[in-house]
Amino acid sequence: MIKKKNIIVAMFVLTLFLVSALFYGNSVERIEYQAIAKTFRDADDLLAHNDLVIIAEATENSESTLLGDSTPDIWGYTLTEVKVLNVIKGALEGADLTVGEPYFTADPGLVLPKQLITYETYTPMKEGSRYLLFLKWHPGWECYAVNGFDQGKYNIDNTDREELAMVKSKHRHQLRREVLERYQPVVEEFIKDSN
Amino acid sequence: MRRKQFSIVITALLLSIVFVFYAHADYSTAHVYKGNFKQKGTDLVYFPDSSVSAYGWTGAVDNAASKWSQASTQLNIRKVSSDPNFGTIAVFVVNNQLPPSAYALITFHEHTSLGWRTRSWTAVRDGTNFDRARIQIDHGYCMADGLTQNERWMVVGHEFGHALSLDHFCNPPAHSGSHWQTNSVNALTSPTSTDKAHLTWKWGN
């Protein structure tokens, strides 16, 4: 009788442990890499240093590429397909484009949380949300990529609240305000009313 | 009359207190991470990967380790030729592999019972200790933007500062001007007295 009770208790503890481990392993830990990068002075500077400026809608098709040796030295990027709605600078053929984003996801194992690793305060584009993107050709990633982390991506339809919440510095707020004011006439027709 | 003099003295005193408080260097977690290397400062090493010399960054890396080591007797960052992982600042140089316009980045890694774990710099800021810092320099983007040699040396010094638990500081008036730990590039090849003050606050004189 005592043995049976012990087995039940042991099974309960084991189940609890396994459920906790799986739950922990399926959670997502957000990690920021700290970087020093070019700081764009203003909207003109940003425009001048990019090959392609577009208004686009993010799709669900997004895949991370890992570079580097192995743990602990992982790094990488993510390729996200977007629907191009308007081209402000540069030339493009077709309405679909694969954009390099400065973040990636990694799975370090069953019992460790998955990792969403961003460069600085960049936030991944959200499916269905619309963005004004400042892109530079990336010879290593072989795609147009968001330039200068969060300096190259601006949600225009207010459906990506996380993006604005992550803007910390005074300069980034100022640049953001200036960019959105500058391109307001162009982006207006692509703004969706989320309310 | 006396009352007027008294008011002037009190006002001046209050203004002085406000100014001193405002201008005083801030060593809180806004400028210095709570977390740190688990190893002692005198046991730290830096490992320049072969890519460092291949892209011509040896001078910048040696200068950063040397200048920070000179700033505190509690620090002695020795150069090693093989990577021991623990207590290590590992430096790598890549060419057009980081996100566009990124000159360099730093990552923090902790060895736990479950293996190596990458830690967010925000976690280190808030108190997580670590065993390894990895600096990655993008030669391609530094050269494409025309960074001078002095500016490249500053970039590496800046990243070493992060590895030693220093954050950015550029808020006036206490931190006006250029320092290694400002968040934009300048041409300083040595840490300023403000940089050193933050370092010794963290590591000791």
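Residues numbered from 1 in each chain as written. Chains lettered and ligands numbered in written order. Predicted model: local features only at pLDDT ≥ 70, side-chain atom pairs only at ≥ 80, totals over all residues.

Asks: Can you lay out the overall build of chain B for me, pointing to particular residues and giving the numbers?
Replies: Secondary structure summary: chain B contains seven helices and six strands in total. In terms of overall dimensions, chain B has a C-alpha envelope of 75 × 45 × 30 Å along the principal axes. Expressed as a percentage of the 205 residues in chain B, the buried residues total 45%. (Helix = DSSP H or I, 4+ residues; strand = E, 2+ residues; numbered from the N terminus. Buried ≥ 20, exposed ≤ 12 C-beta atoms within 10 Å, placed from the backbone.)

Asks: Tell me about the overall build of chain A, and name the residues and values.
Replies: Looking only at helices and strands, chain A has five helices and nine strands in total. Starting at the N terminus, the α and β elements of chain A follow one another as α-β-α-β-β-β-β-β-β-β-β-α-α-α. The burial tally for chain A puts 34% of its 195 residues in the buried class. The contacts of chain A with a sequence gap of at least 6 include a subset with a gap of at least 24, amounting to 68%. (Contact = placed C-beta atoms within 7 Å.)

Asks: I'd like a rundown of the environment of Thr112(B), residues and numbers included.
Replies: Among the secondary structure elements, Thr112(B) is positioned in strand E4 (residues 102–112). In this structure the C-alpha to C-alpha distance between Thr112(B) and Phe130(B), which are 18 residues apart in sequence, comes to 9.6 Å.

Asks: Kindly report on helix H7 (residues 193–203) of chain B, identifying the contributing residues and their values.
Replies: Residues and elements named next belong to chain B. When H7 is considered as a whole, its buried residues turn out to be Thr194, Asp195, His198, Leu199, Lys202 and Trp203. The buried residues of H7 occupy one face: seen down the axis, they fall within an arc of 155°. Where H7 is buried, its residues touch helix H3 (58–70) and helix H6 (149–163). In the stretch just after H7, Gly204 is the one whose phi turns positive, near 100°. (Arc of directions from axis to C-beta.)

Asks: Please give an account of the interface of chain B and chain A that cites residues and values.
Replies: If you look at the interface, chain B gives 29 residues, while chain A gives 30 residues. For the side of chain B that touches chain A, the secondary-structure elements that each account for two or more residues are E4, strand E5 (115–119), helix H4 (121–125), strand E6 (132–138) and H6 of chain B. Among the elements that line the side of chain B that touches chain A, the one with the most residues is E4(B), at seven residues. For strand E1 (residues 28–37) of chain A and E4(B), the ladder comprises four bridges, and the chain directions are antiparallel. Along E4(B), the bridge assignment pairs Ala37(A) with Ala102(B). (Pairing = 2+ DSSP bridges.)

Asks: Break down the environment of Ala64(B) for me, with residues and values.
Replies: All names here are of chain B. Mapped onto the secondary structure, Ala64 falls in helix H3. It is 8.5 Å that separates the C-alpha atoms of Ala64 and Gly161, two residues lying 97 residues apart in sequence. Not counting chain neighbours up to four residues away, the residues in contact with Ala64 comprise Val156, Gly157 and Phe160.

Asks: Account for the packing of H3(B) against H6(B), naming residues and giving values.
Replies: All names here are of chain B. One way to put it is that H3 packs onto H6 with a least axis distance of 8 Å and a crossing angle of 50°. With respect to H6, the element H3 is oriented oblique. Both H3 and H6 take part in a crossing whose hand is right-handed. For the pair H3 and H6, the contacting residues are Ala60, Val61, Asn63, Ala64, Ala65, Lys67 and Trp68 in the first and Arg152, Trp153, Val156, Gly157 and Phe160 in the second. (Axes fitted to C-alpha atoms, helices over the stretch in contact; angles between N-to-C directions. Parallel < 35°, antiparallel > 145°, perpendicular 65-115°, else oblique. Left-handed = near helix turned anticlockwise from the far one by under 90°.)

Asks: How would you summarise the confidence of the model for chain B if you had to cite specific residues and measurements?
Replies: Atomic detail in the predicted coordinates should be set aside for any region of low pLDDT. All names here are of chain B. Chain-level pLDDT for chain B is 90 on average; 91% of the residues reach the 70-or-more range. Contacts of residues 19–24 to residues separated by more than four positions or lying in other chains number three contacts, the stretch itself having pLDDT below 50. Scoring the predicted complex yields pTM 0.86 and, for the interface, ipTM 0.84. (pLDDT = per-residue confidence, 0-100.)

Asks: Describe the pairing of strand E2 (residues 52–67) of chain A, with residues and values.
Replies: Note that E2(A) and strand E7 (residues 130–138) of chain A share six bridges and pair antiparallel. For Ala56(A), the partnering residue across the bridge sits in E7(A) and is Tyr131(A).

Asks: Now, about the environment of His138(A): what can you tell me, with residues and values included?
Replies: Here His138(A) is to be found in strand E7. Judged by local crowding, His138(A) falls into the buried class, with 23 C-beta atoms found within 10 Å. In this structure, the C-alpha to C-alpha distance between His138(A) and Val99(A), residues 39 residues apart in sequence, is 9.9 Å. When residues no more than four places from it in sequence are discounted, the contact partners of His138(A) are Gly100(A), Cys143(A), Ala145(A) and Pro100(B).

Asks: Just give me the short version of unusual backbone geometry, but keep the residues and values in it.
Replies: Positive phi outside glycine occurs at Phe149(A), with the angle close to 55°. As for its position among the elements, Phe149(A) is in the loop between strand E8 (143–146) and strand E9 (153–155). Phi is positive for Asn85(B), close to 70°, though the residue is something other than glycine. Residue position: Asn85(B) is located in the loop between strand E2 (78–79) and strand E3 (88–94). Residue class for Asn85(B) comes out partly exposed when judged on the 13 C-beta atoms lying within 10 Å of it.

Asks: Give a description of the pairing of strand E4 (residues 96–101) of chain A that names residues and reports values.
Replies: Residue and element names in this part refer to chain A. Note: strand E3 (residues 75–89) against E4, six bridges, orientation antiparallel. When the sheet's bridge partners are listed, Lys83 is paired in E4 with Asp96. The loop that links E3 with its antiparallel partner E4 comprises six residues; one of these, Gly90, has a positive phi angle of about 95°. Pairing geometry for E4 and E8, over two bridges, is parallel. By the bridge assignment for E8, Val99 is matched with Tyr144.

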